[in-house]
Amino acid sequence: MKLRTVISKIEEEISIRQAEDFDNVGLLCGVPDREVSGILVCHDALENVVEEAIDKNLNLIVCFHPIIFSGLKSLTGKNYVERAVLKAIENKIAIYAIHTAFDNDFFGVNHGICSQLGLKNRKILQPKENNLKQLTVFVPRDYSEKVKETMFFAGAGSIGFYDECSFTVNGNGTFRPIEGSNPFSGQQNIRENADEDMISVIFETPKEGQIIGAMKTAHPYEEVAYQVYSLDNKNHHAGLGMYGELEEEMEEQDFLKFVKEKFGLEIIKHSAFTNKKIKRVGVLGGSGASGIRSAVAKKCDVYLTGDLKYHDYFLAESKMLICDIGHYESEQFVSQQLFEILSQKFSTFAISKSIEKTNPVNYFI
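Residues numbered from 1 in each chain as written. Predicted model: local features only at pLDDT ≥ 70, side-chain atom pairs only at ≥ 80, totals over all residues. Heavy atoms only, no water.

Participant: In this structure, what is going on with the overall build of the protein chain? I would like to understand it.
Facilitator: Tallying secondary structure elements over the protein chain gives 11 helices and 15 strands in all. Once the C-alpha set of the protein chain is aligned to its principal axes, its extents read approximately 85 × 55 × 40 Å. Split into buried and exposed, the 365 residues of the protein chain put 46% on the buried side. In the protein chain, of all internal contacts separated by at least 6 residues, the share reaching a separation of at least 24 is 71%. Summed over its atoms, the accessible surface of the protein chain is roughly 19,000 Å², and 48% of this surface lies on carbon and sulfur atoms. Here the protein chain holds 40 positive side-chain charges and 51 negative ones, and the gap between their average locations is 2 Å. (Helix = DSSP H or I, 4+ residues; strand = E, 2+ residues; numbered from the N terminus. Buried < 20%, exposed > 50% of the residue type's maximum accessible area, 1.4 Å probe, protein only. Contact = heavy atoms within 4.5 Å. Areas by Shrake-Rupley, 256 points an atom, 1.4 Å probe, with all protein chains shown as cover. Lys, Arg positive; Asp, Glu negative; His and termini not counted. Charge placed at Lys NZ, Arg CZ, Asp CG, Glu CD.)

Dropping the structure here:
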């Protein structure tokens, strides 16, 4: 299977277009037309991981963090990024990064954390904004179902855990073909009255091109009448962070012991105890200071994340407990999640999970 086909199938499960604007996701190096012999899944595509791929005869690395984040001006092997990329290129190994596309995915990074904690009633902590649009198109009644089916297949009409959602209004449309036209129905210079349906569907912004293209392909008119509107609605099924509830509430100290056990931690940094029991838990894998105020607003009793600075611990205003469990530690389940997704998607070649250590942070206890 060619690399471009493998990538296309990966993005059927995890849309790369839902990544944050600042991120550098997708194919970082590699030839799209090269055949894939196998995939190595890892957290960071460091030099030792590339060597592991070479040893296992796997020529595609699917990593969480992008090894190339800012621009490279040269490739001479002078730092850890250049050494990893050079080794990959020299050995014809492609590197594909998923990062914030998986952070924003409902079943991504933060879903994995919630699963480890056994949280129920899970919801997105920071729903994506400017992520939803509405398409309204006018279709002759006999073609209404065909156009709807085509748009649904392209990704329109999916709202949370529902799909094929639309709204249709019957009406009468008019148009007059003029010189140069090749009308589906009617004659030039004579106004035509047509029984039409106005179909409205909602879709996620990154899917706009494919949905409109599909709609036009299925539509019989030479000139298609349609409008696209940007919606102020937040997408409550995509975004950063999650929150949910424990089966049974816990004392703060018992919750910290529970987290240490579930995540295999030696240490947890936390704010002052609030002397309240823990029931609602907010999480954001990686560097999550940006989610503290959202967790407070969602009335979380505790917030788990990583990479907090000194002043971040004040932001909860004693309304909830803040815990820094470490950047890597909060994302440690990602490789297994990606391994399971890819193993289900591909059965014709090897999928392997890296055994190399890439967490740069060590603790002296």
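Participant: Help me out: how do you make sense of the pairing of strand S14 (residues 321–324) in this one?
Facilitator: For a regular strand, side-chain orientation follows a simple rule: the groups alternate between the two sheet faces. Of the two faces of S14, the one carrying Leu-321 and Cys-323 and the one carrying Ile-322 and Asp-324 are both buried. Alignment of strand S11 (residues 269–270) against S14, held across 2 bridges, turns out to be antiparallel. The residue bridging Lys-269 from the neighbouring strand is Asp-324, located in S14. As judged from the 4 bridges shared by strand S13 (residues 302–306) and S14, these two strands associate in the parallel manner. (Pairing = 2+ DSSP bridges.)

Participant: Can you walk me through the sheet that holds S11 in this structure?
Facilitator: Pairing in this open sheet of 6 strands is mixed, and the strands run S5-S10-S12-S13-S14-S11 from one edge to the other. Looking along the sheet, the strands with just one partner apiece sit at the ends: strand S5 (120–128) and S11. Relative to strand S10 (residues 235–250), S5 is paired through 6 bridges, and the arrangement is antiparallel. Bridge pairing links Lys-128 to Asn-235 in S10. Contacts from helix H5 (residues 109–117) reach S5, S10, strand S12 (278–287) and S13 within the one sheet, and its direction differs from that of S12 by about 140°. (Axes fitted to C-alpha atoms, helices over the stretch in contact; angles between N-to-C directions.)

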